Each structure stands twice: as structure tokens, then as C-alpha cells.
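# Observations on the three-dimensional arrangement
Take a look at the letters that make up each chain.
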Amino acid sequence: MNFPLSVFNLLILASLLLMSVGATALIVMLINDIRTKKLW
Amino acid sequence: MDHQSEILSPEVGWILLGLLSLLWIGLGFYWGKKAKGMDGFMLAGRNVGLAFGTATAMATWVTSNTTMLAPQFALELGIWGMLAYSTAAVGLFLFAPLAKRIKQIMPTGYTSGDFIRLRYGSKAWYLFLIISIFYGFTWLISMGMAGGILMNALAGIPYTLGMTIILFVCIVYTVFGGLYAVIGTDFIQSLIIMIGIVVVGGAVLYSIDLDQVYNDLSTDKPMLIDMLLPASIMAIFNNLLFGIGEVFHSNVWWSRAFAIREGIGQKAFTLAGFFWLPVPIAAGFIALTSGTLGVNITSPDMVGPLMAGNILGKSGSIIVFIVFFCSLASSIDSLLAATSDLIVEDIYKRMINPKVGEKTLRRASVIIIVGLGLLAWMVCLPRIGTLASVLFFAGPLVASTIYPIVTGLFWPKATAKGAIWAMLGGSVIGLIAYFFLGWYTGSLIGAAVSIIVTTVFARMNDTQFDWNQLKDA
Amino acid sequence: MKHSYYILVFIIIFLVNAGIADEMPQPFFDNAAEITTRSGYQRLSWGVDGMAQMSEPPKFELQQSLSPQFASSAHIYSGADRATFLSGLKDGDYYYRVRVIDPQNNTMGPWSESISIKVRHHSLTLAFTLFAIGAVILLFTVLIVVKGVRNTQIEN
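### Concerning the overall build of chain A
- For chain A, the count of helices and strands is 1 helix and 0 strands.
- C-alpha extents for chain A along the principal axes are approximately 55 × 15 × 5 Å.
- Here chain A holds 40 residues, and 38% of them are scored as buried.
- As displayed, chain A has an accessible area near 2,400 Å², and 74% of this comes from carbon and sulfur atoms.

As C-alpha cells, then:
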């Protein structure tokens, strides 16, 4: 019983998408921390 | 040498290596100025914010294990293998509430060893230190070796030289910058890693057809896309529990729990889990394209860098080189810092020289970081075993520490005897499973023994632990 | 007269060919002759004697077959690498052999001794048992953490 092709595609696309979201969120968080002077 | 193809010319490799080394050492010196006193050096002032806190948890968890071992998992164990690797994120998710609890009950603690000593006494503490230092050291070695293998595979830089340089650079900036430098560089490194993997993954998707990859797999390597590959099905929870064990017990994570500002730890670890979750799949699926592209894989631990370089050509493989360098450095620095903290605080200060002053302690830290790095270097010199087998040897040991930690944090009835027998029994029986059933079962069995033993001992115990005893760390 | 001329040419060609065949050594596998795997992956590596004396690294061809006689065979790899990593194999017996090839002159050396990989995946019963144990342990771990957090909130 194989993983369906759609699942295979979806896994890869979703993982790349989630990583782009993560990178953006990190930058937003950094700007926010610098603005509120809560970096460390 | 079973393989001749390298992707970057050694000149480009050396230039990249030089530039990155200078950058990290420079930043280490810069941030090191903030590191005044032991709280600053060991715990970055105990006031790290959300951005740095999230990034450091995420970057530390993205190691050679993720960027090199995830492709290896995909090649060996297929789609389930990638998913199994992703489950290591559960360790971060579950540690999030623990981080909050740790900061509450031990506001002045330094290490995970502190907790075990105050909670369970010295016998459990010795055992825990042996497991913890063994694990930290194996992890360190697996990454030193990965650094050497990687630079050799990518740019033809000799294994010994590549390995030596990456260890040396991390030692230098950790010695000068302490946890400030580790966390600061982690932020930059996690951004580079995430953007790099997305760019590489995107380029791979652009240049090949996933449907074709899937079809080729179904004819050439059919079990990799099979939902019923037994070894992978076993690997899923094994890897998940290994991940939980690693995060729960290791001082790498405890030092971050102490370092992150009050009230932020839980959020930072949860976010880090979400950011980390897709990495093994995004970095791992590239390995599955080897058949379609007709690339021969001579050694599974090189499949990641080899495929990325093959698909992307010279310019793309510069990104790959940088991503791998960052993922290695972000973990080696953390391990050097956290493992040396464990030795300084738990062994030097608590066992050898309890009246030590802050200046001597700082000097001891430096000596221990350098010594640890040197020792790791010596063990890395002969290249032994594949990455997975070296590191997974520690799997049953760390999995057996999960329940002494969790129940110790939350159950007033958890006992020292339970903790000791859980760690001993879990390690031994887990190792037996590792050798007789396969490496993909060791952590699972270790954790199973550990949870049963701790629960049984706690059930039989009537005394309650007073949480205030943890406050004088 | 003409007849013996042809024979002479034939003999010369035969000798030249024999000479070339002589230059193409028989490779050997570094692995054991019979390997059993329970996970469906295996690394194969091979070599020839006298590699150091050769002016350039030799090229190899690796074949896989489901029969020990190689009644029908599949091409797995050709090139200068001396190892390959096989994975995703289904249950069954697989046979491998390797030879030296010279793509420019289109000549090839003798096949190596063949080796076999017996793929016997773990039983699904064992796999699902371990899977179930893992799921139960995870469930309890989550419960301990969630209950612990709730209890400590009540304390505070």
C-alpha cells in the first residue's frame, strides 16, 4: 500500500511553505523585540 | 574514497570557510563584551527575548542530524523516515511547558544536573551526569565528523582539515562570547538555514518533476513510498522518544530554559517546534531524487549535500555549503557551552571546589570548553561509523531519563530509587533492543522501561517532595 | 593459401583480444557473499586488484538480478564509483555482480563472483506492536505533562 502521490507532493510543498512562514515570523519577532528593547 | 565527485572547487570552499569563520569569531568577540559574570557567560543574563529565544531553540535543534541525517533517513526509510524525523519536533513542543515550570521552581538554577541533584540526591545525579555527558559528547563528535565529511564531499577539503577548522572556530567564539555569542549567532544561523533550505528546496522543485520522482521510486525503490515498511513504522516512535529524551534531559535545553526571560519560555519553545517541524522533510526529500537524476550514492551519510550540489550546480552549492556550516556551528557551539556548563557547575563547583570564586570559575569554564573541544577533535580524527549509528547509540540512554525528569518536575511522589532504576534499566534493556532488534527500537524500549519503573516506584512512595528544596540551586 | 591468411588474421585478432581481456581484471565485492537485511537497505562496495598501477581509475558496471544465474538482469550503475547504496528493496533474494568496462573501446572484463542480498523485512506484527507501545508511551507522557501543568496552576 503506497503513500498516494498527492500526499507525497503535499508534504513537500507544505514543508517548504511552513519554513518560509517561519523565517518571516523570526524577522518580525526580531524587529518587535528591538523596537520594545526586549532583545536580551 | 569511494567517490570522486565534489561540487565546489577547493578554492571557493576555502574562501567560504574563511569568511564564515571570521564572521562567527568576530560576532563572538562583539557579543562577548556583554558577558560579565557567570550569569552572563553561562546564561546570557537570564533575560533573552522571544526572537532570540525561539531562534536559538530552533537552530540548536537543526543540526547535522537534520540537514545531513534527514536525507539519509529519507533514503533508507522513505517517506515514513522523513516523517519519523519530523516527530523530533514533539520534543520541543512538550518541553515548552517544562521550560515554564523549570523557570518557576528553579529561578536561580544553572544546569539540568542541578535539578537532578536537588531533586533526587547524589546517586541519581552521578548516573545522570554519566548519561548526559556521554550523550553531549557523542552528539558533539557526530557533528565534528559531519563537518569533516561535508566539507570533503562539497569542496574536496580534506576531512581532517575541515573537521579541525569547524571545531576550532566554534571553540573560539564560545570561549570569548559564552551563551551571548551562542544565542546571537544562533539567530543569524537559523535565518540562513531556513531561507537556504527554502531556496534549495524551491530550486529542486523547479528543476525536477515530483511525479516523475514518485514513479521512479515506485519502480526502483518501492518500499520507500510504501506505507507498510516495517523498519520505518518502528522508527517513528523510536525517533520521537529519542527526541523527547534528548530535549528533556540535555543541559543544552535547560540552559535555554534558564536563559530565556520569565514568561516567554513556553511560547519560544512552542514556536521553535513549529519552525523546526518541516525542516527534515524540506531537507530530506532531496535524497529521494537520486534515482530520477541518475546520481549514484556511495555512502548514505553524504546523500544530502551530494544531491543538493548535483541539482543546483556551482552557485547553488555555495548556499548549501553555508547552510550546512551554519547548522553545524549552531549546534556545536551550544553543545560546547552547555556540556562545559554541566562539567563546571556540576563536577567542578559541586564536587571538587565548592568555595570557588567567580573569576576562577570563569577560567575553569574556558579550560573545560577548550579541553572538551580538543577531546572531541581527537575522537573525530579517525572517521568511524556512519552518523546515525554513532549518535543513536545514545538513544536508549537519553530515552531512559525522560520520566525521571518529567515526573521529578511534576510529581511530588517521584523517588530517587525510581529515577535510578529507570535510568539503569531503561539504558540496559534499551541497548539490548538496539543490538538485537535494530537501532530503530532502542529508544522506544528504553523509554518504555523508564516510564513503568518511575511510575511503580512513585505509586509505592508515601512521602511528598518539598518543591522549595529546589530554590537554593 | 588465402585460406591460411584468414586463419592467421583470425589468430592475431584473437590474441589481441585476449591481450585486452587480460588488461581488464576481475573485480570483487568487499561485502560478504550473502547478506541478510531486515530494513531493505544495504551498501555495496567493490574494487579490483592493482588499482594503484592504473593510469586512470577503472569504470565499473553493476547488475542486479532476481536469479542467481542472472537470467534477466537490471543495470544498476556504471561509472568510476566503487560503492553504491541500495534502499527500498521489497522482500526477496537479489543477486549482484560487477565487471570492469571500458566505454571508449566498448570492451568489458569478466564478471565478479556474484553476491546475494536476502531482504526479509521485520514482520508487520512486530512493527505495529512497537508502534502501539510508542503511541501509548507518548499518550502517557503528554498526560503527565498536561496534568502536571494543571496541578501546579492550582497550587499557585
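Picking up after the structure, the text goes on.
### Here's the deal with the interface of chain A and chain B
- Counting from both sides, the interface comprises 26 residues of chain A and, opposite them, 47 residues of chain B.
- Contact with chain B buries surface across chain A, with Phe3(A), Met19(A) and Trp40(A) losing the most and accounting together for 28% of the total.
- The interface formed by chain A and chain B holds 0 salt bridges in total.
- When grouped by side-chain class, the residues that make up the side of chain A that touches chain B number 19 nonpolar, 5 polar and 2 charged.

### Here's the deal with the nonpolar core
- Counting 216 residues, the largest nonpolar core has Phe95(B) and Phe248(B) as the members making the most contacts within it.
- The element contributing the most residues to this core is helix H15 (residues 303–352) of chain B, with 23 residues.
- If we ignore the near neighbours within four places in the chain, the residues touching Phe248(B) are Gly91(B), Leu94(B), Phe95(B), Leu98(B), Trp254(B), Ile402(B), Ile405(B) and Val406(B).
- Listed in part, the 18 residues of the second largest apolar core include Met24(C), Phe29(C), Ile35(C) and Val98(C).

### What about the confidence of the model for chain C?
- Chain-level pLDDT for chain C is 88 on average; 85% of the residues reach the 70-or-more range.
- At the level of individual helices and strands, chain C shows its lowest average pLDDT in helix H1 (residues 2–23) of chain C, which scores 58, and its highest in strand E9 (residues 115–119) of chain C, which scores 97.

### Notes on the domain arrangement of chain C
- Along its sequence, chain C is carved into domain 1 (24–121) and domain 2 (123–156).
- Between domain 1 of chain C and domain 2 of chain C, the C-alpha centre-to-centre distance is 46 Å.

### What about the sheet that holds strand E1 (residues 28–29) of chain C?
Residues and elements named next belong to chain C.
- Spatially, 3 strands are ordered E1-E3-E6 in an open sheet, and the strand pairing comes out antiparallel. The sheet is open, and its two borders are formed by E1 and strand E6 (83–86), each paired with just one other strand.
- Note that strand E3 (residues 42–47) and E6 share 4 bridges and pair antiparallel. Paired with glutamine 42 across the strands is leucine 86, a residue of E6.

Rules used in this analysis
Residues numbered from 1 in each chain as written. Chains lettered and ligands numbered in written order. Predicted model: local features only at pLDDT ≥ 70, side-chain atom pairs only at ≥ 80, totals over all residues. Heavy atoms only, no water. Helix = DSSP H or I, 4+ residues; strand = E, 2+ residues; numbered from the N terminus. Buried < 20%, exposed > 50% of the residue type's maximum accessible area, 1.4 Å probe, protein only. Areas by Shrake-Rupley, 256 points an atom, 1.4 Å probe, with all protein chains shown as cover. Contact = heavy atoms within 4.5 Å. Buried area = accessible area lost by both parts, 1.4 Å probe. Salt bridge = Lys/Arg side-chain N within 4 Å of Asp/Glu carboxyl O. Nonpolar A, V, L, I, M, F, W, Y, C, P; charged D, E, K, R; others polar. Core = buried A, V, L, I, M, F, W, Y, C linked by side-chain atoms within 4.5 Å. pLDDT = per-residue confidence, 0-100. Domains from an automatic or database assignment. Pairing = 2+ DSSP bridges.

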